Structure formats: C-alpha cells, structure tokens
Amino acid sequence: TGNGGNGQDAFLTTRDLSSFGAPFGRIKKFAATLKATGEPLFLADQIQEHLEAFLENEQDLTPRDAKAIRRVFRGCSEIVLEADSAYALLRPGIGLKQIVCIHPEFDKFEEVDRGKFLEIKDSQIQGYDEASKRGLVLDFSPYFRDYPKVLRPQEMGEGIALLNRRLASQLNGQPGVFRQGLLGFLRNRKLDGVSILVNEHLSSPEVLLKELPVVLSLLEDYDNDEPYAEVAHELRTHGFEPGWGSTVGRIAESLDLLQQVLESSEPAQFAELLTRLPLIRTVLMVSPHGWFAQDGVLGKPDTGGQVTYVLDQALAMEQELRKQFELSGVSATPKIAILTRQIPNAEGTTCNMVREKIHGSEDSWIIRAPFRDMQGEVLNDWISRFRIWPYLEAYAEESKQLVVTEMLGPPDLIIGHYTDGNLVASRLADDLNTTHCACIHALEKTKYLLSDMHWEGFEKDYAFSMQFTADLIAYNSADFIVSSSYREVGGTDTEMGMIESYELFSMPGLYRVQSGFDPRLARHNIVPPGASPKYFFPNTDHGQRIDAVTQSLSERFMQAQPAEGDVGVLDHPERPIVFAMARMDKIKNLSGLVEIFGKHEKLRDSANLLLVTSLNNAELSSDHEEIEEVNRTYELIEKYSLNGHIRWCAARLDKVETGEVYRIVADRGGVFAQPAFMETFGLTVIEAMACGLPVVVTCFGGPSEIVVPAESGEVINPNHQEEFAEALYRTISDTDRWSAYSTGGIARVEEKFTWKQHAKRVTGLANVYSYWNHLDVMNRQALDRYIHTLYHTVYRPRTQSLL
Ligand code: UDP
Ligand code: LCN
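Conventions and cut-offs
- Residues numbered from 1 in each chain as written.
- Chains lettered and ligands numbered in written order.
- Predicted model: local features only at pLDDT ≥ 70, side-chain atom pairs only at ≥ 80, totals over all residues.
- Heavy atoms only, no water.
- Near = heavy atom within 4 Å.
- Polar contact = N/O pair within 3.5 Å; in protein donor to acceptor, adjacent residues only side chain to side chain.
- Areas by Shrake-Rupley, 256 points an atom, 1.4 Å probe, with all protein chains shown as cover.
- 1 Å grid on protein atoms, 1.4 Å probe; cavity = no way out; pocket = protein on both sides within 12 Å on 5 of 7 lines; lining within 4 Å.
- Sits in = over half its atoms within 2 Å of the grid points.
- Helix = DSSP H or I, 4+ residues; strand = E, 2+ residues; numbered from the N terminus.
- Nonpolar A, V, L, I, M, F, W, Y, C, P; charged D, E, K, R; others polar.
- Pairing = 2+ DSSP bridges.
- Axes fitted to C-alpha atoms, helices over the stretch in contact; angles between N-to-C directions.
- Contact = heavy atoms within 4.5 Å.
- Buried < 20%, exposed > 50% of the residue type's maximum accessible area, 1.4 Å probe, protein only.

## Looking at the site of ligand 2
Contacts to ligand 2 come from Gly305, Gln306, Tyr309, His441, Glu679, Thr680, Phe681, Gly682 and Leu683. Within the side chain of histidine 441, a nitrogen or oxygen atom sits 2.6 Å from an oxygen atom of ligand 2. Here glutamate 679 contributes a side-chain N or O atom positioned 2.4 Å from an oxygen atom of ligand 2. A total of 290 Å² of accessible area belongs to ligand 2 in isolation, and the protein chains cover 91% of it. Structurally, ligand 2 is housed in the largest cavity. Per-element tally for the shell around ligand 2: the top contributor is helix H13 (residues 305–328), with three residues. By residue class, the composition of the shell around ligand 2 is three nonpolar, five polar and one charged.

## Describing the sheet that holds strand S16 (residues 505–507)
Overall, mixed pairing links the three strands, which are arranged S6-S17-S16 in an open sheet. Edge positions in the sheet fall to strand S6 (137–139) and S16, since each has one partner strand and no second. Direction aside, neighbouring strands of the sheet carry axes that sit 20 degrees apart on average. Of the pairings in the sheet, the one linking S6 to strand S17 (residues 511–515) comprises three bridges and is parallel in character. For aspartate 139, the partnering residue across the bridge sits in S17 and is serine 515. Against the sheet, helix H5 (residues 114–126) touches S16 and S17, its axis set at about 155 degrees to S17. Its contacts with the sheet place helix H17 (residues 464–477) against S6, S16 and S17, and it is angled at close to 25 degrees to S17.

## Points about the pairing of strand S2 (residues 78–82)
The two faces of a sheet get side chains in turn, since along a regular strand they alternate between them. Along S2, five of the five residues are buried, which leaves the element largely enclosed by surrounding structure. Side chains Glu78, Val80 and Glu82 of S2 all project onto a buried face; the interleaved residues Ile79 and Leu81 project onto the opposite face, where all are buried too. As paired strands, strand S1 (residues 41–43) and S2 are joined by three bridges and run antiparallel to one another. Bridging from a neighbouring strand, leucine 41 pairs with valine 80 of S2. Direction of pairing for S2 relative to strand S3 (residues 85–90): antiparallel, over a ladder of five bridges. Bridge pairing in S3 places valine 80 opposite tyrosine 87. The hairpin turn running from S2 into S3, its antiparallel successor, is two residues long, and alanine 83 in that turn takes a positive phi close to 50 degrees.

Below, the structure written as structure tokens:
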C-alpha cells in the first residue's frame, strides 16, 4: 500500500502550522462549541453554519482575526470529534488537503496523517476496537509519484499543457533520450497495418536530423499546392511515409515543425506537431448501461445527457478524423463504434438491435452485446445502472470479439463513458493494448451525502461498494481523463471537486482510501461538450424551423387544456413560460422549481410553468427516486394551488422537437430554468442558450461555468428560492435584459461549447497521451498489477451479491 498516503503535500508539511495567522485560542473555543452540540461529525455546510454563528457571538474578535479564522476553515470538508480532540480536514488551497488536530492542551495545530484520520472516522461507525484493526488501505499515490502534477489551481484540468512542458524540458535536459523516444514513437505508427510517417531508413535520430534539411530543401522545388503523390516516391527514399501532409506546402510545414521540435524546446510546437499527426482511424466508445439508442430513450432514469453526448461525440470525432486524414495525405477513412448493451425487451426502442448505423454518419455504428447470467443465458430486461456490476466482466470478454470484428482489428482509441463504460474500457484497452480516454459524466459519490461512510445503508439500493471501487479501478487505469467542467476536477474555492472527493475517504469495514484520485495529476483535462447546431439553433433562424413541428408543439404545450398524459389546465396560455426539462432525479430539483415558482406571487401571476419530463405518473416508474420526486412535485402543485399556472408534460421528444420546444418558449419571451442541487455539466443549459432562450441556472456545478452572469444569463443558488424566482421574473419582465441574455447565450455557446472544438481537443489529447504512454514514464506494469489485485479481491467478489 505504500506510504504516499501519509503524504501530506510536500510543500505544506514544511510549513509551520501555527502560521495560519488565526488566533488558536479562538479556534480551540470553536472546537469546544462544536463538541458541546454532542454531534460527532460535521460536514462542510454545517461547519460554515456553526462557524458563522460562533463568530457572531465573539463580539470582541477583530475583523482581521475573524477573517483569518474563516480562511482556516474555508473549504474545510469534515470535522470529526473524538474525546477532547477535534480533527479537521482543511483545504489550504484548491486540490490540497491538510488534516489537523485541535486539542485544548495544544497551543497550535498538530498535523495528523491520513491513515490516523480515517481510523478515527471509522471508529464512529465501527467502534474503536474494530477500527483500530488494520484493514485494507488503498493508496494509488506511489504509482503516480513521478507523474507531473499541477500546483497552480488555475492549471487544474489543463493536464496537457503541463505534459507538453515536461516533454519539452526533457528535450532540454536529455536531448538524446528525447529524440530517440520521439523517433521510436513515429516509427511504430501504423494505420490498418500500413506504416505511416517514417520507415526503417530513419534508423537513428542522427539520420533523421540529417535527412530533414535535405527533404525540406527538395520540397522547395515544388509548388505548395502540389499533391503528396508527386513527392511520395522521393520522400519514401529519404525515410518519410505518408501522414505529413496532403500537399507539398503542408508536408513542408509539418517537417519544419518536426525539425524545430527536435532542436528547440517549445512546448506549443510539440503539441501542434503531435496533434496534426493522423494516428487514429478507429475509435471505440463504450457505454454499456441501457437504454442507449438514437430515439425514444432520453429522460429515463439512467439516460440523459450521456446518450446525447456520446452520439454527438461520435459524429464530431468522425468529422474531425476525416478532416485530419484529408490534410495529412493518408488515404484512410475513420470508423467509430459505440458499444452498448443489447436489451431484447426493448420497449419499442432499437435497443434490441445488434448493429445500428448512426444517423448522419458515414461509417459510425452502435454495436450491442447482451448481458448474460451465470448460466450464460441472455438477460432480457433493462436493469438499473446501479445493478449491472456482476455482468460487466463477461460482457467485456464477449464484446472484445465483437469489437475486433467490427473494427477489423483493435481500435486505435477507446473512449469509456461513466463508471461502467470505463471499467469495460479499461479491460478492453488492457487486452487490446489501446489508449484509454475516460469521460466521466458523473461521479455518484458526491451526489449522496455520506455515501462512503454509510455505504452499508446505501448498498441495497445503490451498491456503492462496487461502483466506487469500479471508479477507482477504471479512472486510475485510464491514460487520460476528460471532464466537462472545472467543478468536476478542482471544485470551487469553498468546495471540493467531484474527482477530488475520491482522494481521501473511507468505507468502514470495506477499505480506507488514503489516496484515490489526485485531481492535480496532469491526466485531467477539461474538454466541455457542445450542442449540435443541427437541432439547437436560434429561434430567429426561421428558415431552419419546421412549421408543422412548431405548430404541433405550441398546441400541445400551450393550449389551455392538456393533451392526454399531460397535466395542468392553463388559465392564461398566452403568458410567457418558465421552462424546465430534466430527468426526475432528486438532484435535478424540479420539485424545488415548482416551489420557487409557486411561492413567488408576481412570477406566478405573469408566467406559466412548463415542465417536460419523461414521466409524470409515479405508477409507471419502478425507480424509487423518480417515484418520490414525482409525488413531491404533485404535493407542491397542490400546496401552492398551481392549477391554472402549470403544464407538466410526460414527453419523449426527438431532437428536432426538443430544439423546437426551447425555441417556442423563446418566441414567447420565456426563460429556461436549471435549478439542480448539483450538475456535472448540464447539456440542457447550452441547448437552451443555443436556441436563443435566456437561462437562469444553479450555482452548483457546470452551469455556473457555462453562463457568464449578467451577460448570457443568471447564476443563482437554488436553495435561495426567492432570489431564484426574482431572477426568473426579471428575465421575462425586462425586455432589454431578455434580449441581452438571448444574444449573449447564443454567442457564448458558439464561442466555447462546440463539438468541433471538443473533437479536435480529444484527438489531440489522444495523440499526446499515446506518446506519453510510449515513453512509459510511469510504472504502468506495477499500477496494473495493483488495479488487478483490487479488482479480484474486492470488486469481483462483491458483485456476486447482486446475482
Ligand atoms: N432530455 C430529453 N428529455 C427529457 C429530459 C432530458 O430529451 O425528458 C435531454 C436533454 O435535451 C439533454 C439531456 O437529455 O440533451 C439531458 O442532459 P443534461 O446534461 O442536462 O442532464 P443529465 O440527464 O445527463 O443529467
Ligand atoms: C451527466 C450529467 O449529470 C450531466 O451534467 C452531463 O451534462 C451529462 O452527463 C453529459 O456529460
């Protein structure tokens, strides 16, 4: 298990812990007030609440000291009380952790190691005797000891920049090793079994450096726009195969870049060179849990943005790779496959099909393999993503053959999605020796309070012992990780990032994690998704809109009487609309929106509330969270007498219709509301903005990074219901503001959230990390063994309980 877990951050251990500058006497007094409550554990929000109450009472405290105390506890995520001691998990900065003990006898903080802290936490659940026995401790830090880490918070999630700098500095320090490494990498490249880039003539870096100026001068004899074929023969004799460019001009540019990279150490050039090389033709995406199809699946408890994301990513990657091949002069065409689960009882969807072409693609496919029980029989029905763990191993095994047949060999890149997709992806990448890119979408741990410490209570419904273990296995084994927002990686000034929350935690009786995911590792990259302009375009773009769709949706959502299956008569159908569309997860807080709307008189008297969810009848659901949220929404409609003001539609819209709903709401001067308690990214927010519909969104998670407050919408804490309602009200009642948000939103999406940019970045990342892997700078083999051990000793045996 290594010793890295003791591992406070190196530059912090040397710091004098009393030097936080806060009066320690008061800090002890604060700890004593916590103790007086009799509670053994305080979490982030409670700590802040108690701290503010405490500071208010301390009348004689100078503002300076109060500020210093607040600084100490800013981002403090846990305080555990044991006997006379209080143990606080502090966050001296984004991505950093420090555990301190506060004791009445001390005159300054005493540092506590991670193992001790977890043991104290466990003792609250297990009792001292049990907790003091040495159980299983997980620590991934030794395997990443030499991996570059960012230190500046603003660089968190910009792993590639750091990696490029590291590679460039290698050139400075050990030019020979660097050149040898790069040449070895270029020489091993093949597409469909055919060598590209360089051949064996370039037997050493010296030969390469000698040939480059010769070839560059030779190219000067040709016009820039002459095709590769004109120079192919000569290039080959000098050691260069196709892949450098489709025209003489492009080839010269690429080879010049190569020459500069070999001779100077400019990180940007290195990234540019690697990014333009055509290293990937076939991409496998893995997203096993159902329902995954192109129509009629969105909005079910397990299928929301991830399905949209994966399909759009596939199309964008195909286009990007096609463009890359065209520019590089390699005559190849890309192929993408999305591997998902085949569900025989498909309920009218295409989820039972083995193979399905992706609409709008040239050669991209959904391929499906079934889950099987222990006897090898196919499972016919959908099962929740929380219960799929026992099936994934055999699934990965069976899929391997399917993938190799589909791709005519191993894929060049595997992109895993969510925990299950990445677990399967890690197994396939291991077996097929392919680079593994992991897209996270959501980490469940932070969504459920104390899901780690009280895992046993959650086990029946959520099986978190399996899911969190699978997270640790899959994301640690990935070559690089793609997140959608900074919130996922670095969190905020006051709150941990979702990834960061896996760094130090315990599941009493199962294992203690001393180092799970270090968010500072240069494996993390933030690459946000986009909204497809084919469906999500401004409401003013009348040429693209289809009248019949506009008409039928307007009737359905805005006429006085509800259509069959929909709920709510509208007394004033002409009023502007407050619109929300989401799955009925508690965390999406649609019931909260009903309350926000219901309580605010001016808002309810000037607007209607439109909810579009896949379900508004609890009897049709088997998902307990969904049922509770539906019931609560009805209770609140009743409580605030919202009949006449709300329309609640159970609709499974296709993409054309979804885009059009945002637009018809925009036509009538409405607003889109996203009030989630936590959202990793929030695709609906960019969809609404792209359609010219102003948005008011939660401050928790991705939406707060999407929207620039007062420019492209408003960002509000949904727990402050009055404020949220005010923001909705001012957006629909102030026409200048409305127009500013509408145009601001469109511009923001065009600038920052496009699939084109996304695909370009992911392809570039894949190239750079493949190179990094090739150098084998970390001890990959040891990491793999550790991961396999965890898989076989914890994950696999536990999954048997779900059979
Ligand atoms: N969506 C839908 N119908 C619904 C609910 C959601 O079509 O009833 C679509 C929506 O257009 C968006 C996606 O599902 O593309 C939801 O993505 P988001 O990232 O907002 O949330 P998630 O469901 O992934 O948590
Ligand atoms: C999952 C979520 O919860 C959303 O916030 C994301 O937008 C979606 O996946 C796509 O990544």
